[in-house]
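Per-entry structural report
Here is what each chain is made of, one letter per residue.
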Amino acid sequence: MAIDAGPPPSPFTGPLPPERHGALRVVVRTALIVFLVLIGFALAGVGALLGAGYYLSRSGAGPAPAAVEEPEKLRAENLKYAKQIDKLRPKGLFLVVDTGKNRLAVRDGEREVREVIVSCGSGGVLEDPKGGRSWVFDTPRGERVVKSKVKNPTWIKPDWAFIEEGEAIPKKREDRAEEGVMGDYALGIGNGFFLHGTLYTRLLGRNVTHGCVRIGDADLEYLYKTVPLGTKVYLF
Amino acid sequence: MRRAAIPALLAVLVLGSLSPARSADDALSLWRENRRLAAESVLAATPKPYFELDLEHRSISLKTRGMVLFELPVQEQALWGRRLAVGPTSVVRRDALSRPAVAIGDEKNPATLDDQLLELADMPATYRLGLAGDVDVEILPVPTERWPVLFQKLGFGSWQLARRQLMRPLVTLRQRRERHETTAVFLVLKPEDARRLYWCLFEGLDGILIPPR
C-alpha cells in the first residue's frame, strides 16, 4: 500500500539543516569582521583629526620655493606683472552686467555712476521640431563692446521667434520686421545681442529674455545719451 | 652703562634669531605673489572672466581684466590630501545632485513663468567643482535647519563639514594605497553666495588657486 508522504518540507519553516547553520555562521562572522574594520577606519580618521599623526595629512601650503635666491629679481618681476595687469584694468566709462542679479552698473573707473535694474537671459531651450536646430536663451558672458546705437529700433525677428510662436518662417526680410517692441533705443553689443527697451517693465529684475538685456525707458535713455560707441561691456 | 647694554644685547640676539625666519617668510610671500601675478597676467589678457580661489584669505572672487567683479567670503574651509601650489587652474566639472533645468510643461499641465526661467534662486547651494589638477572642491551652505544650527552655535562649526572631515581620512588612505592622491577642498558659504558662485563658475572657466600657507 502506497503511503502518501505529503509535500516536501518548506524551506522556510522548521529548523535549519546543519549545513545552513554553518553558512549563517560564516555570514555573521564576515559581517562582524567588516564592522570591526570599519570601526578601525573610523578611529583612524578621528585620530588623524585630532592630529595624532600626519599619515592622513591635511593639505597645506604646497611646495616651498626651492630656490628664492634672488629676491630682488622676484620683486622686479612682480612689479612688472602688476603693471601689466593694471594696464589691462578698465578705465574711463564702462558697463558691467550681472546676469544673475539682473543689474547693470555704469562705472567710471573705480566709481559706480549708476545702477540699473535689467532683465537677462532665461536659460530656456527651444528646439526646432523640423530643422533639428536648438537655441539656449542665455545672455553671453565675457567682454563686449557697444558697436551700434539705434534710435526707434525695429526688431528683425530671428527664426526662433517664429518657431516659438508656432508660425512659419518668412522668406522675405521685411516680413520679419516688428516695430515698437524694443523700446526707444537699442545699443548693439555684437552677434545679434542688444541692450534695449521693453514692453514688460514689471518683469525687470527677472531672467526672462532670449539673451538680450532689457532696460526700463528712463535708464535706457540715460545709457543712449551717456555711453559712446566703443564702450566696453563686461557681462558675467 | 652695563645695565643698559645687557637688554640691548638681548634685543639684538632675539632680533637676530628671528630675522632668518622672517626673511624665509618674506621669500615665500614673494614667491607666492610671483606665481599668482604670473597666472593673473595671462588670464587678465583674455576677454573672459576668471576666478580666484584664495584659501589663504578665505575668499572667492570673480574677476575680469584684473578688476574684481564680486568677492564672496568663505565661512569655513578644510583641505585634505595632496598639497597644492599657487597657480592656474580651471573648472573641469560642475556636479550637483539636482541640476537646475527649465520645465517646459505640456497641454494638460502648462509650465508657469517661474518654471520656465532659470534664476539665481534655482541654483543649488550644495555641489562639487572639479578643478584641473585633481582638486575636488565641495561647496556646502551654512546650515539653516534647527539641529545643525545648534551644532554650529555650540562652536563645532558646520555639521556637514564635520561629517566630511570625519570620513575624508579614509579616502586619503584608499588613495594612498592606489597611489593616486587628490586634494579635497571643503568650503562652507552662505547659501546665497553658494548659488551665486554656481551661476558664475561654469565648466571651462579658468582661474587661480591660492592654497593656504
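The shown structure was predicted, so the numbers you read here are calculated from the model rather than taken from an experiment.

**A look at the overall build of chain A**
Scanning chain A for helices and strands turns up four helices and 13 strands. Expressed as a percentage of its 236 residues, the buried residues of chain A come to 25%. When contacts within chain A are restricted to residue pairs at least 6 apart in sequence, those whose partners lie at least 24 apart make up 59%.

**Observations concerning the interface of chain A and chain B**
With 44 residues of chain A in contact, the opposing surface of chain B contributes 49 residues. For the side of chain A that touches chain B, the elements supplying multiple residues, two or more each, are helix H1 (18-49), helix H2 (71-88) and strand S6 (142-145) of chain A. Along the lines of polarity and charge, the residues of the side of chain A that touches chain B split into 23 nonpolar, twelve polar and nine charged.

**Comments concerning the nonpolar core**
Membership of the largest hydrophobic core comes to 68 residues, with the highest contact counts inside it found for Ile139(B) and Leu187(B). A per-element tally of this core places strand S8 (residues 183-189) of chain B first, with six residues.

**A word on the sheet that holds strand S1 (residues 93-98) of chain A**
Residues and elements named next belong to chain A. Reading across from one edge, S6-S13-S1-S2-S3-S12-S11-S10-S7 is the order of the nine strands in this open sheet, with mixed pairing throughout. Taken across any chain shown, the strands that pair with only one partner, and hence form the sheet edges, are S6 and strand S7 (148-151). Across the sheet, the mean angle from the axis of one strand to that of its neighbour is 25°, orientation sign disregarded. Bridging between S1 and strand S13 (residues 232-235) involves four bridges; their strand directions are parallel. What sits directly across from Phe94, in S13, is Lys232. Along the sheet, helix H4 (residues 217-226) makes contact with strand S2 (103-108), strand S3 (111-119), S7, strand S10 (185-188), strand S11 (194-196) and strand S12 (213-215), crossing S10 at roughly 55°.

**Considering the pairing of S10(A)**
Looking along a regular strand, one sees the side chains alternate between the two faces of the sheet. Residues and elements named next belong to chain A. Judged by which residues are buried, S10 turns out to be covered on both faces: Tyr185 and Leu187 on one side and Ala186 and Gly188 on the other are all buried. Relative to S10, S7 runs antiparallel, the two sharing four bridges. Of the residues in S10, the one forming a bridge with Ser148 is Gly188. What sits between S10 and S11 in their antiparallel hairpin is a turn of five residues, with Gly190 showing a positive phi close to 95°.

**Regarding unusual backbone geometry**
Residues and elements named next belong to chain A. The phi torsion at Asn102 lies on the positive side, around 55°, for a residue other than glycine. Mapped onto the secondary structure, Asn102 falls in the loop between S1 and S2. Notably, Asn191 is not glycine yet its phi reads approximately 55°, a positive angle. Residue placement: Asn191 occurs in the loop between S10 and S11. Judged by the 9 C-beta atoms lying within 10 Å of it, Asn191 falls in the exposed class.

**Let's talk about the domain arrangement of chain A**
Split into domains, chain A comes out as domain 1 (20-55) and domain 2 (88-235). Measuring from the centre of the C-alpha atoms in domain 1 of chain A to the corresponding centre in domain 2 of chain A gives 60 Å.

**Concerning the pairing of S8(B)**
Residue and element names in this part refer to chain B. S8 sits mainly inside the fold: seven of its seven residues count as buried. What you see with S8 is no split at all: Thr183, Val185, Leu187 and Leu189 on one side and Ala184, Phe186 and Val188 on the other are buried throughout. Bridge count between strand S7 (residues 135-141) and S8: seven bridges; the pairing is parallel. Directly across from Ile139, in S8, lies its bridge partner Leu187.

**Details of the environment of Arg114(A)**
All names here are of chain A. In this structure, Arg114 sits in strand S3. The spatial distance from the C-alpha of Arg114 to the C-alpha of Pro71 is 44 Å, given a sequence separation of 43 residues. The contact partners of Arg114, leaving out residues within four places of it in the chain, are Val106 and Tyr222.

Conventions used here
- Residues numbered from 1 in each chain as written.
- Chains lettered and ligands numbered in written order.
- Predicted model: local features only at pLDDT ≥ 70, side-chain atom pairs only at ≥ 80, totals over all residues.
- Helix = DSSP H or I, 4+ residues; strand = E, 2+ residues; numbered from the N terminus.
- Buried ≥ 20, exposed ≤ 12 C-beta atoms within 10 Å, placed from the backbone.
- Contact = placed C-beta atoms within 7 Å.
- Nonpolar A, V, L, I, M, F, W, Y, C, P; charged D, E, K, R; others polar.
- Core = buried A, V, L, I, M, F, W, Y, C linked by C-beta atoms within 7 Å.
- Pairing = 2+ DSSP bridges.
- Axes fitted to C-alpha atoms, helices over the stretch in contact; angles between N-to-C directions.
- Domains from an automatic or database assignment.

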